[in-house]
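Summary of structural features
In case you want the letters, here they are:
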Amino acid sequence: MASDKHPPRIRATYEVFVIGGGVNGCGIARDAAGRGLRVGLAEMGDLASATSSASTKLFHGGLRYLEYFEFRLVRASLIERETLLRAMPHISWPMRFILPLHQDMVFENSTPTSRLLNTLMPWMKGRRPAWLIRLGLFLYDTLGGREILPDTSSVSLRGTREGAPLKDTLTRAYEYSDCWVQDARLTVLNACDAARWGAQIMTRTKVVAATPENDLWNVTLQDVETGATRTITTRTLVNASGPWVAQTLTGPLARTPTAGVRLVRGSHIITRRLYDHDKCYFFQGQDGRIIFAIPYEQDFTLIGTTDMDHPSPDTPAEISEQEIDYLLSFASEYFREPVTRAQIVSSYSGVRPLYDDGAKSATAATRDYVLKMEEHRAPLLSVFGGKITTYRRLAEEAVDQLVSLFPLARPAWTAGASLPGGDFAVDEAESLVARLLTDFPFLGPRGAERLIRHYGTEARSFLAEARQASDLGRDFGAGLSEAEVRHLMTRECARTAEDVVWRRTKLGLRLTADEIAALDRWMQEVRAQEAAA
């Protein structure tokens, strides 16, 4: 019989409970669940519905961060780049970047490098010399080590495919390597893998209160759609709510933040395809900033990003007219034919919750992350900052800080583990597309490529024994079948057409408004039938 002094330990619903279904939250849930811990995650919207679906979609070291002397961050990101590429070769792949050189390249005037060169070489007047860029690319090639990606080379822009879309005044460039990633799918697949390890993933579920009691947290959850509430208990609580990290602390957790975030809006425009090769462009502006122009979803070009301070996480992230004009003008300084508003087919904006290091400008704010642990009997870990390339390492470090409470937890494991559908070698993607097309010829080459680039080896799970397109059920347009949508609803937590066409896929670029509305009606009918069953 237990004494009053030592009451019996109540078994918590969870050992780790995560607030936030972005890439960091889902990465933490996956890591913890794979170590054998009981894990829950609550996301007030859809998975990746905020920052994690609105990045520039690159796994990269951050070439420009070298100018801020962020060598540790760049090195860690470069090491992670190939680790991640091996884990998800269906949604991430190597890309070559063309960096054109011209005499008007200048620094962002607040960087440590620009201040140093202005002191040592004042006659440069803030210009960014080609030799310094080459030095930076040498460091970029060597800091993290490379086994898959090719190194930097010099390329001519005269009479070459790379130079054809650019102005004649641009005659030479450097070409280096980084990686593309489908950011929203990255987030969703981390959640799927967490669920495979036993985690409970709850979307459209908001944490409205959390209070510590002895060595547990009592957490009140609210169903965003019905308003119904319930309470769960957890041994540890992780605040990975991204732009809302400070609000979550001061609101439902009733805590005073020990660190801050700087909300920075990054906006992108999507145009019709501007050139006919598969390499990206890295453009340097007269204001010292850089933007990318990237082949996107087979028929489009992605241009971005901007860096604008954003007032509040609750203020919708929307591209401004000023940002549109800025991106069009910036890109038109390089492309032979001006990029115009008439070529824009879509745009998106996201709010990056950067760790507030007191930088003078949004561009200069660090992209590194900080983990803050409150060492109470019921521990609370909050995540500030970070970038998509370091999400896995961030998750591993976060769980490392929690596992001392759980002696039976397994060791860190994600560095060598593939995400669902990614169980093949980096150089096998094309052969997978070819084999899928052989077995399902009705998909066509573009359809087969899309399915491999979204689902990898799991594409066959919903294609099953289909011999013709009609075997996959209703066609919602642009190759989106009923079988694929049912897969997304049952396996990937999709509940609305928006979830499907803008986060699980990017088919919103091809479907009409009427087609998207019809898809949404069908999905709601399916959900209603399942609820009534």
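I will try to describe carefully the structure that is included in this document. (Residues numbered from 1 in each chain as written. Predicted model: local features only at pLDDT ≥ 70, side-chain atom pairs only at ≥ 80, totals over all residues. Heavy atoms only, no water.)

So, about the pattern of salt bridges. The full count for this structure, using the stated rule, is 39 salt bridges. The shortest N-O distance in the salt bridge between Arg86 and Glu147 comes to 2.8 Å. With Arg86 in helix α2 (residues 71-87) and Glu147 in the loop between α4 (130-142) and β5 (153-156), this pair connects stretches of sequence that are 61 residues apart. Here Asp307 ties to Arg289 by a salt bridge, and the two come within 2.9 Å at their closest N and O atoms. Residue Asp307 is located in the loop between β14 (300-304) and β15 (308-309), and its partner Arg289 is located in the loop between β12 (280-284) and β13 (290-296); the two are separated by 18 residues in the primary sequence. Across this residue pair, the class does not change: Asp307 and Arg289 are buried. Residues joined by salt bridges that share partners form a network here, namely Asp46, Arg204, Glu498, Asp499, Arg503 and Arg504. (Salt bridge = Lys/Arg side-chain N within 4 Å of Asp/Glu carboxyl O. Helix = DSSP H or I, 4+ residues; strand = E, 2+ residues; numbered from the N terminus. Buried < 20%, exposed > 50% of the residue type's maximum accessible area, 1.4 Å probe, protein only.)

A few words now on the nonpolar core. Counting 33 residues, the largest nonpolar core has Leu436 and Leu519 as its most contacted members. Those elements that place two or more of their residues in this core are α9 (429-439), α10 (444-455), α11 (459-463), α12 (482-491), α13 (497-504) and α14 (513-532). A total of five residues in this core trace back to one element, the largest contributor, which is α14. Those residues within four positions of Leu436 in sequence are excluded, and the remaining contacts are Leu443, Ala448, Leu451, Ile452, Ala459, Arg460 and Leu463. (Core = buried A, V, L, I, M, F, W, Y, C linked by side-chain atoms within 4.5 Å. Contact = heavy atoms within 4.5 Å.)

Our next topic: the packing of aromatic side chains. Per the stated rule, a full pass over the model turns up 19 aromatic pairs. Judged by centre distance (5.7 Å) and plane angle (75 degrees), the ring pair of Phe97 and Phe292 falls under edge-to-face. Of the two residues, Phe97 sits in strand β4 (residues 92-100) while Phe292 sits in strand β13, which places them 195 residues apart along the sequence. Grouping residues by exposure puts Phe97 and Phe292 together as buried. Both rings, one in Tyr326 and one in Phe330, keep their centres 5.7 Å apart while their planes meet at 90 degrees; by these two values the pair is edge-to-face. (Phe/Tyr/Trp six-rings, centres within 6.5 Å; stacked < 30°, edge-to-face > 60°.)

Turning next to the environment of Phe138. Inspection of the secondary structure puts Phe138 in helix α4. By relative accessible area, Phe138 is classed as partly exposed at 48%. Between the C-alpha atoms of Phe138 and Glu175, which are 37 residues apart in sequence, the distance is 12 Å.

Considering all chains together, one arrives at zero disulfides under this definition. Looking at the unpaired Cys26, the closest cysteine sulfur is the one in Cys493, lying at 8.6 Å. Note on Cys192: no disulfide assigned, nearest cysteine sulfur contributed by Cys493 at a separation of 6.2 Å. Taking the relative accessible area as the measure of exposure, Cys192 reaches 18% and is therefore buried. (Disulfide = S-S within 2.5 Å.)

Take the pairing of strand β11 (residues 261-272) next. Judged by how many residues are buried, β11 sits mostly within the fold: 11 of 12 residues are covered. Here β11 pairs with strand β16 (residues 344-355) via 11 bridges, running antiparallel. What sits directly across from Gly266, in β16, is Gly350. Where β11 meets β15, two bridges bridge the pair, whose relative direction is antiparallel. What sits directly across from Arg265, in β15, is Met308. Across five bridges, the pairing between β11 and β14 is antiparallel. Among the inter-strand pairings, Arg272 is bridged to a residue of β14, identified as Phe300. (Pairing = 2+ DSSP bridges.)

Let us now look at the pairing of β14. Looking along a regular strand, one sees the side chains alternate between the two faces of the sheet. β14 sits mainly inside the fold: five of its five residues count as buried. Of the two faces of β14, the one lined by Phe300, Leu302 and Gly304 and the one lined by Thr301 and Ile303 are each fully buried. Pairing between β13 and β14: five bridges, direction antiparallel. Within the sheet, the bridge partner assigned to Ile294 lies in β14 and is Leu302. Between β13 and β14, which pair antiparallel in sequence order, lie three residues; one of them, Glu297, sits at a positive phi of approximately 50 degrees.

Here we come to α12. Burial of α12 is extensive: seven of the 10 residues sit out of reach of the surface. Every buried residue of α12 is accounted for by Glu482, Ala483, Glu484, Val485, His487, Leu488 and Met489. Those residues of α12 that are buried are in contact with α5 (183-196), α10, α11, α13 and α14. Phi for Cys493, located one or two positions after α12, is positive at around 65 degrees.

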